[in-house]
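The primary structure of each chain is shown beneath.
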Amino acid sequence: MIVAILFAHVAGCLALEGEPRELRLLGMLPMTGTAWPGGSACLVPIQMALADVNAYPNLLHRYNLTYKYIDTMVC
Ligand SMILES: *[C@@H]1O[C@H](CO)[C@@H](O)[C@H](O)[C@H]1NC(C)=O
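What comes next concerns the included structure. Here the structure is a predicted model, which is why all the values come from computation and not from measurement.

1. A look at the pairing of strand β1 (residues 21–29)
Then, in step 1: Two elements, β1 and strand β2 (residues 63–71), share nine bridges in a ladder whose sense is parallel. When the sheet's bridge partners are listed, Gly27 is paired in β2 with Tyr69.
Then, in step 2: Crossover connection from β1 via helix α2 (residues 39–55) to parallel β2: handedness right-handed.

Printed below as a string of structure tokens:
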């Protein structure tokens with residue numbers, strides 16, 4: 001019993017040492033279109049914010065933020 005608990009504890013600690021898990025964000029940005037194709041202007045601060053969050057490993061412990069967007073093409 002104690003051996004099993006110890007083994008589970010060691011296995012849990014080893015799992016914590018692995019690669020960070022990917023936490024995917026999906027956004028909708030108007031990259032093309034005539035009304036307001038301002039998505040590219042929004043993308044830069046989004047990427048800067050993600051880089052800042054990822055730079056602090058204890059902020060989202062064991063997670064790595066990634067971002068993808070869909071072009072909403074506002075007409
Ligand atoms: C974390 O995600 C960024 C993209 O947001 C990527 O460039 C980087 O390689 C990733 N880091 C790890 C450790 O997976």
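2. Regarding unusual backbone geometry
Then, in step 1: One non-glycine residue, Arg62, lies in positive phi territory at about 70 degrees.
Then, in step 2: Positive phi, close to 45 degrees, is recorded for Met73, a residue that is not glycine.
Then, in step 3: Tracing the chain through its elements places Met73 in the segment after β2.

3. A closer look at a nonpolar patch on the surface
Then, in step 1: Nonpolar side chains collect at one region of the surface, where Leu23, Leu60 and Tyr63 lie side by side and expose about 220 Å² of accessible area between them.
Then, in step 2: Among the structural elements, Tyr63 can be located in strand β2.

4. Topic: the site of the ligand
Then, in step 1: Neighbouring the ligand are Pro20, Asn54, Asn64, Leu65 and Thr66.
Then, in step 2: Interatomic distance of 2.4 Å between a side-chain N/O atom of Asn64 and an oxygen atom of the ligand.
Then, in step 3: A distance of 2.9 Å separates an oxygen atom of the ligand from a polar backbone atom of Leu65.
Then, in step 4: Within the complex, 40% of the 360 Å² of free accessible area of the ligand lies under protein.

What counts and how
- Residue indices follow the written sequence of each chain, beginning from 1 at its first position.
- Local features in this predicted model are restricted to residues whose pLDDT is 70 or higher, and side-chain atom pairs enter the listing and the counts only when it is 80 or higher, whereas totals over whole chains, interfaces and linings include all residues.
- With hydrogens and water set aside, each side-chain value is computed from the structure's full complement of heavy atoms.
- Should DSSP find at least two bridges between two strands, the strands are taken to pair.
- Numbered from the N terminus, helices here are DSSP runs of H or I no shorter than four residues, and strands are runs of E no shorter than two.
- A clockwise course of the path from the first strand over the helix to the second, judged with the strands pointing away from the viewer, identifies a crossover as right-handed.
- Patches here: salt-bridge-free residues with over 30% relative accessible area, like charges joined within 9 Å, nonpolar side chains (Val, Leu, Ile, Met, Phe, Trp, Tyr) joined within 5 Å.
- Per-residue and other accessible areas follow the Shrake-Rupley method at a 1.4 Å probe size, with only the shown protein chains counted as cover for residues.
- Take a side-chain nitrogen of Lys or Arg and a carboxyl oxygen of Asp or Glu: if they are within 4 Å of each other, that pair is a salt bridge.
- When we say a residue is near a molecule or strand, we mean one of its heavy atoms is within 4 Å of it.
- Polar contact criterion, stated in full: a pair of N or O atoms within 3.5 Å, where within protein one must be able to donate a hydrogen and the other to accept it, and residues adjacent in sequence count only if both atoms are side-chain atoms.

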